[in-house]
Amino acid sequence: MTGLEPLPERAPGGDPDPGHYHLRLYVAGQTSKSLKALANLKRFCEEHLAGRYEIEVIDLLENPRLAAGDQVLAIPTLVRKLPAPLKRIIGDLSNTEKVLVGLDIRPRAAPV
Amino acid sequence: MPPDVIAADTAPATLLKAPTGIDGFDNITLGGLPAGRPSLVCGAAGCGKTLFAMTFLVNGANRYGEPGVFMSFEERAEDLAANVASLGYDLDGLVADGKLAIDHVHVERSEIEESGEYDLEGLFVRLGFAADSIGAKRVVLDTIETLFSGFTDPMLLRAELRRLFGWIKERGLTAVITGERGEGQLTRQGLEEYVSDCVVLLDNRVADQITTRRLRVVKYRGSAHGTNEYPFLIDGDGISVLPVTSSGLNRPASSEVVSSGVPGLDAMLRSGGLYRGSSILLSGVAGTGKTTIASHFADAACRRGERCLFFVFEESAQEICRNAESVGLDLPGWVKAGLLRFEAARPSLYGLEMHLARMHRDLDRFQPDVVVMDPISAFRGPDTEVHATLLRMMDLLKSRGITGLFTSLRNDGALQEGGDQGLSSLMDAWIRLQDLEADGERNRTLYLIKARGMSHSNQVREYRITDAGVELIEPYVGPEGVLTGSARLSQAAREQAAMTRRHQEAQRRRRELARKRDALERRMQEMRAALEAEEDEANLLLTQDDVHEAVLADDRTAVASLRGAAE
């Protein structure tokens, strides 16, 4: 499905803030999966979104009430708050291709 | 509760139970669901799983001081609240009071991309948070199987569910987990493998276009439980499970006698009425006054100050009342006084089981002394089932010492006849109402086929339904047989005339005799007088003869002396 999404997204020509990504990573304690996910995410962002992303890490063990808000069930869950629409990727993000698709990341030097 | 349910107060102390507050269910399970453990409630769509679970929580919060978390994987909190509002459950109020927490877990496969390993810790966090926030003791997961459509890795899900149920146990939460009925197994995803302490199966079967809800406790580890399928109801009062099974033949027999409400009928029984707690069958064809006699029966019970529950299956309560008024019975008055209650429902409204279940509930609520069912022949279905249902109904009444009057429309069709006889052997008394058609009129007669434990009249009695009620008429039994109606009247008139004739004849003979006697006596007097006259005459002559003799003798003496002197 993610393959279909990009079309309408790209359509609004201007791309007001085309590159800015607001990512939120939900973890529950410093588990290996969580650490791995965070590491993967950082590496990934540096590679593809250098300078135009922010990562917010939420530890549900500290803030359990936040889990319901983003309908988090699986840990770790990465939520793309921006750009819209909201997207979720679960897992330790070890499959880079899936993350790319899931976050719908357009390389800077994309078509145009 | 009836004795068939293993006495509820003997629940083993080893296993703590959390009462659900669902009528009947706590009886079947001897106290409720296992406390501090997860229980599985499964069934097909529309079986009432969610309602069962919600009732468990709401009752926990309201009655047992145990707050609960409802984790819904399907319906949103607003929808849940709206759905149960009709049952009087104020979810919003409970949430505001901190007695209930609702968390809607939305799982949408299309919104989730999977990349690498994950677990469901988020679910644990949410559940834990909700439980902690209100100090929950109870948890509902409805329907957790939805997760299987949200995530691709069933192996992982299974492992996580196993962990979740373990976690629930660890935290000592009493949990209800609902599951959709699957093919060949209790739930689609085989949840029963993980939740092994208590499994409750809900069922909603349709037979002959009639739906019956049934509940069965499939297993209950560490506890005895009722094993049957029990019908349950969902109505305006929520869920009630009805533990109705055939009870043992072990019940007290009262020798107290109660009136049938028809004096003439009572008089046909030596004891002057029917035994309390007995079952009475009143059978008859259409228009023989079954309902009227049943109304008398109910009226008599109320007169004694007893409570009477009147189940009607073919008429409305208002119709029964109106019709009873025409024979001088004030049933509405008894209804107002709280002694009489009507429960009217078409037989086709529910299945047989459900009727039984409903009656069971009504009996529990109203606690009647007398029950009337009018008519039992309205129940349609396979003979064996109808028979079994009625048998259980009677057992139910008998086990509680309730006097039951069952009316039955006896067609001439074989089925009903058979139904009658099948039941009749269970009945303590059987009153048969009959139509006798003769001389262009139809007359109602009644006779007692049987009345166990009391001698009774063998007569066929005619009765009439008058403004003052049902009246039995003194039977005409003569050389010409038993006569009814105008035949009886004309025969009586004929006999009256004959008697008058006989009477007059006797009088005439008596007069004749007196006359003859007078005449004879007169003649006897005359003859006596004549005899006396003759006697007088004879005496006179005799006296004259005597005098003459004496004179002659004197003369002879005188002559002789004369002669002697001369010699």
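This one's a predicted model, so the numbers in the text were calculated from it and none came from an experiment.

Reading the values: the criteria
- Residues numbered from 1 in each chain as written.
- Chains lettered and ligands numbered in written order.
- Predicted model: local features only at pLDDT ≥ 70, side-chain atom pairs only at ≥ 80, totals over all residues.
- Heavy atoms only, no water.
- Helix = DSSP H or I, 4+ residues; strand = E, 2+ residues; numbered from the N terminus.
- Contact = heavy atoms within 4.5 Å.
- Areas by Shrake-Rupley, 256 points an atom, 1.4 Å probe, with all protein chains shown as cover.
- Buried < 20%, exposed > 50% of the residue type's maximum accessible area, 1.4 Å probe, protein only.
- Core = buried A, V, L, I, M, F, W, Y, C linked by side-chain atoms within 4.5 Å.
- Pairing = 2+ DSSP bridges.
- Right-handed = clockwise from strand over helix to strand, strands pointing away.
- Axes fitted to C-alpha atoms, helices over the stretch in contact; angles between N-to-C directions.
- Phe/Tyr/Trp six-rings, centres within 6.5 Å; stacked < 30°, edge-to-face > 60°.
- Lys NZ or Arg CZ within 6 Å of the ring centre and 35° of its normal.
- Patch = residues over 30% accessible without salt bridge, like charges linked within 9 Å, V, L, I, M, F, W, Y side chains within 5 Å.
- Salt bridge = Lys/Arg side-chain N within 4 Å of Asp/Glu carboxyl O.
- Lys, Arg positive; Asp, Glu negative; His and termini not counted.
- Charge placed at Lys NZ, Arg CZ, Asp CG, Glu CD.
- Polar contact = N/O pair within 3.5 Å; in protein donor to acceptor, adjacent residues only side chain to side chain.
- Nonpolar A, V, L, I, M, F, W, Y, C, P; charged D, E, K, R; others polar.

Caption draft 1: Summary view of the overall build of chain A. Within chain A one finds four helices and four strands. Reading chain A from its N terminus to its C terminus gives the helix and strand order α-β-α-β-α-β-β-α. Summarising the internal contacts of chain A: among those between residues at least 6 apart in sequence, 68% fall at separations of at least 24. As presented, chain A carries roughly 5700 Å² of accessible surface, and 58% of it is formed by carbon and sulfur atoms.

Caption draft 2: Here's a closer look at the overall build of chain B. Helix and strand content of chain B: 15 helices and 25 strands. With 567 residues in all, chain B has 49% of them scored as buried. Here the analysis covers contacts within chain B between residues at least 6 apart in sequence; of these, 69% occur between residues at least 24 apart. Total accessible area on chain B is roughly 27000 Å²; 50% of this is exposed by carbon and sulfur atoms.

Caption draft 3: Structural view of the nonpolar core. Residue and element names in this part refer to chain B. By size, the foremost hydrophobic cluster in this structure holds 43 residues, and its most contacted members are Leu 141, Leu 147, Phe 151 and Leu 164. Elements with a minimum of two residues in this core: β3 (38-43), β4 (68-72), α5 (121-134), β7 (138-142), α6 (147-150), α7 (154-171), β8 (174-180) and β9 (198-207). In terms of nonpolar packing, the next biggest core, distinct from the first, is built from 40 residues, Leu 265, Leu 331, Val 470 and Leu 472 among them.

Caption draft 4: Up close: the pairing of strand β1 (residues 21-27) of chain A. All names here are of chain A. Judged by how many residues are buried, β1 sits mostly within the fold: seven of seven residues are covered. In β1, alternate side chains face the same way, and those of Tyr 21, Leu 23, Leu 25 and Val 27 on one face and His 22, Arg 24 and Tyr 26 on the other are all buried. Here seven bridges tie β1 to strand β2 (residues 53-59), and the two strands are oriented parallel to one another. Looking at β2, one finds that Tyr 26 is bridged to Ile 58. As for the winding sense of the linkage, the β-α-β connection from β1 through helix α2 (residues 32-48) to β2 is right-handed. In this structure, β1 lies alongside strand β3 (residues 77-82), joined through five bridges in antiparallel fashion. Counterpart to Arg 24 in the pairing with β3 is Val 79.

Caption draft 5: Quick peek at the sheet that holds strand β6 (residues 112-114) of chain B. Reading across the sheet, the five strands line up as β2(A)-β1(A)-β3(A)-β4(A)-β6(B) and stay open at both edges, with mixed pairing between neighbours. Strand pairing shows two members of the sheet lacking a second neighbour, β2 of chain A together with β6 of chain B, which therefore form its edges. Along the sheet, successive strands turn relative to each other by an average axial angle of 25°, direction set aside. Bridge analysis of strand β4 (residues 87-90) of chain A against β6 of chain B gives three bridges, and the strand direction is parallel. Residue pairing across strands places Ile 90 of chain A opposite Glu 114 of chain B, the latter belonging to β6 of chain B. On top of the sheet, α2 of chain A reaches β1, β2 and β3 of chain A; it is set at about 175° to β2 of chain A, its chief contact. Against the sheet, helix α4 (residues 96-103) of chain A makes contact with β1, β3 and β4 of chain A together with β6 of chain B, and its axis sits at roughly 165° relative to β4 of chain A, the strand it touches most.

Caption draft 6: Structural context of the packing of aromatic side chains. Residue and element names in this part refer to chain B. The final tally for this structure, using the stated rule, is four aromatic pairs over all chains. Each ring, one from Phe 25 and one from Phe 52, has its centre 5.1 Å from the other, and the planes form 85°; the classification is edge-to-face. A residue pair is termed long-range when its members are at least 10 positions apart, and Phe 25 in helix α1 (residues 25-28) and Phe 52 in helix α2 (residues 49-63) qualify at 27 residues. Each member of the pair, Phe 25 as well as Phe 52, is classed as buried. Positioned above the aromatic ring of Tyr 220 is the side chain of Lys 17, whose terminal nitrogen or guanidinium carbon lies 4.4 Å from the ring centre. One residue, Arg 307, lies across the ring of Phe 366, its end atom 4.3 Å from the ring centre.

Caption draft 7: Here's a closer look at the sheet that holds strand β21 (residues 441-451) of chain B. Residue and element names in this part refer to chain B. In spatial order, the strands read β17-β16-β18-β19-β15-β20-β21-β22-β23; together these nine strands make up an open sheet with mixed pairing. The sheet is open, and its two borders are formed by β17 (340-344) and β23 (469-472), each paired with just one other strand. For this sheet, the mean angle separating the axes of adjacent strands, direction not counted, is 25°. Where strand β15 (residues 279-284) lies against strand β19 (residues 403-409), six bridges are found, and the strand directions are parallel. The residue of β19 that forms the bridge with Leu 281 is Phe 406. Sheet strands in contact with helix α10 (residues 317-325) are β16 (308-312), β17 and β18 (370-374), and its direction is about 130° off that of β17.

Caption draft 8: Broad picture of a negative patch on the surface. There is a patch of like negative charges on the surface, built from Glu 532, Glu 534, Glu 535, Asp 536 and Glu 537 of chain B. For Asp 536 of chain B, a relative accessible area of 54% corresponds to the exposed category.

Caption draft 9: Expanded view of the interface of chain B and chain A. Each partner contributes residues to the interface: chain B has 24 residues there, and chain A has 27 residues. Summed over the shared surface of chain B and chain A, the result is one salt bridge. Here Asp 119 of chain B ties to Lys 33 of chain A by a salt bridge, and the two come within 3.6 Å at their closest N and O atoms. At the boundary of chain B with chain A, the tally comes to 14 residue pairs in polar contact (both at pLDDT 80 or more). The leading source of residues in the side of chain B that touches chain A is α5 of chain B, at six residues. Across the side of chain B that touches chain A, the residue classes break down as ten nonpolar, six polar and eight charged.

Caption draft 10: Representation of the pairing of strand β22 (residues 461-466) of chain B. All names here are of chain B. Here β21 runs beside β22; their pairing, made up of two bridges, is antiparallel. Along β22, the bridge assignment pairs Leu 446 with Arg 461. As defined by bridge partners, β22 adjoins β23 across four bridges and the pair is classed as antiparallel. The residue of β23 that forms the bridge with Tyr 463 is Leu 472. Counted along the chain from β22 to the antiparallel partner β23, the turn is two residues long.

Caption draft 11: Representation of the pattern of salt bridges within the structure. Inspection of every chain in the model, using the stated rule, returns 34 salt bridges over all chains. Lys 36 of chain A serves as the salt-bridge partner of Asp 92 of chain A, at 3.3 Å between the closest nitrogen and oxygen. A residue pair is termed long-range when its members are at least 10 positions apart, and Asp 92 of chain A in the loop between β4 and α4 and Lys 36 of chain A in helix α2 qualify at 56 residues. For Asp 92 of chain A, a relative accessible area of 1% gives the class buried. With relative accessibility at 41%, the residue Lys 36 of chain A sits in the partly exposed group. One salt bridge connects Glu 121 of chain B with Arg 163 of chain B, and the closest N-O pair in it is separated by 3.2 Å. Taken together, the residues Glu 121 of chain B in helix α5 and Arg 163 of chain B in helix α7 connect sequence positions 42 residues apart. Among the residues examined, Arg 163 of chain B registers a relative accessible area of 35% and is labelled partly exposed.

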